[in-house]
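Coordinate inspection notes
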Amino acid sequence: MGQRLSGGRSCLDVPGRLLPQPPPPPPPVRRKLALLFAMLCVWLYMFLYSCAGSCAAARGLLLLGSGSRAAHVPPALATAPDGTPPRLPFRAQPATPLASGKEMVEGAASPEEQSPEVPDSPSPISSFFSGSGSKQLPQAIIIGVKKGGTRALLEFLRVHPDVRAVGAEPHFFDRSYDKGLAWYRDLMPRTLDGQITMEKTPSYFVTREAPARISAMSKDTKLIVVVRDPVTRAISDYTQTLSKRPDIPTFESLTFKNRTTGLIDTSWSAIQIGIYAKHLEHWLRHFPIRQMLFVSGERLISDPAGELGRVQDFLGLKRIITDKHFYFNKTKGFPCLKKAEGSSRPHCLGKTKGRTHPEIDREVVRRLREFYRPFNLKFYQMTGHDFGWD
């Protein structure tokens, strides 16, 4: 037993203040700072991870260019150690568009070909996931037609979470085929399992070499063609050129080789593109008709959800894009998206869409309708769909 100390206390009865005390709890401010620091570290990790994927994907997009923010720069080719110049994977014969002739005289490429519209920047969440997945060759391509509504269709499709598409037109199968499939694949966005990679270049439909080249890439490629009344399409094509070159001849003078005899000039690209049956024959030599979907440019305006339903079915996608995604813009005369891909704001196509057409001589319009009628009827038979242009 311990000895008794003076005052009758035991030696074990030591005051509590002399024993070791637990450390005082951290004040609330320190706890909050520690939590804030931890959250900052997590955010920084996510940001760096996102940048890694985005930077990898940006290389292909920079090659395409977008508006005034990027230029069409060819990919850099490594020089051999001995100083010899780089060699391309292979050389291909230049593509020969069926639609030539007066187009060369006009010398005016479409705005989509020179500086395609680029949708709003993706949201931070989609940017975070952009570093995941891998780049694949497209499983579906919108191959035509110019001034038919291809840009609208692509922008509408990009709303679907299972669709990933290049915003600009690659023009691989008509202008850049000699750069090789590896170059083409590098232009594509990254996709996850279950997602579809797409691109659109309307000039493919009228390029002779395009069907064989796409078939060589993959015979299972799904092809989408947006078609429109060929007379209205020709006027729209002319209007686009006129907006950039006001000094070109009138639509009426370009339409005829000889207006007195009424002979239509089919060498003019604006007329040539609308002979859909002639172009389709080249594609059917390489692809069965069941692998092609023909979208009505008129219905894409009057009933966008209905046409998008057909497209989603054709691509094997769940019908996610419905009426709730669209509203009609009376000023432009076109349907617009309530929320574009990666944005919470409404999105309409740019000022290059929905231009006012010039007044065309009614007799010229009538003669053009007579010219196109047999081609239209043949096209209806080939596709099994009456588009009601006559």
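Residues numbered from 1 in each chain as written. Predicted model: local features only at pLDDT ≥ 70, side-chain atom pairs only at ≥ 80, totals over all residues. Heavy atoms only, no water.

- Within an unreviewed UniProt entry, the label attached to the chain reads Sulfotransferase, and the organism entered is Theropithecus gelada.
- Quoted verbatim from the Subcellular location (unreviewed entry) heading of the UniProt record, the comment on the chain is "Golgi apparatus membrane". (UniProt positions renumbered as here; feature names shortened; annotations may be inferred.)

1. Quick word on the UniProt feature "binding site: 3'-phosphoadenylyl sulfate" (unreviewed entry) in the chain
- The positions UniProt marks with the feature "binding site: 3'-phosphoadenylyl sulfate" (unreviewed entry) are Lys147, Gly148, Gly149, Thr150, Arg151, Arg228, Ser236, Lys353, Gly354, Arg355, Thr356 and His357.
- Structurally, Arg151 can be placed in helix 5 (residues 150–157).
- Exposure remark for Arg151: the relative accessible area of 2% places this residue in the buried category. (Helix = DSSP H or I, 4+ residues; strand = E, 2+ residues; numbered from the N terminus. Buried < 20%, exposed > 50% of the residue type's maximum accessible area, 1.4 Å probe, protein only.)

2. Structural notes on the packing of aromatic side chains
- For the structure shown, the criterion picks out 23 aromatic pairs.
- For the pair Phe173 and Tyr204, a centre-to-centre distance of 5.5 Å together with 75° between the ring planes defines the contact as edge-to-face. Taken as a pair, Phe173 in the loop between strand 3 (163–165) and helix 6 (181–187) and Tyr204 in the loop between strand 5 (196–200) and helix 7 (210–217) lie far apart in primary sequence, 31 residues in all.
- A residue is classified by how much of its surface remains accessible, and Phe173, at 0% relative accessible area, is buried.
- Residues Phe379 and Phe387 carry aromatic rings whose centres are separated by 5.7 Å and whose planes lie at 25° to one another, so their mutual orientation is stacked. Of the two residues examined, Phe379 and Phe387, each falls in the buried class.
- Among the aromatic residues, those joined into a ring-pair cluster are Phe172, Phe173, Tyr177, Trp183, Tyr184 and Tyr204.
- Positioned above the aromatic ring of Phe314, the side-chain terminus of Lys222 is 5.5 Å from the ring centre. (Phe/Tyr/Trp six-rings, centres within 6.5 Å; stacked < 30°, edge-to-face > 60°. Lys NZ or Arg CZ within 6 Å of the ring centre and 35° of its normal.)

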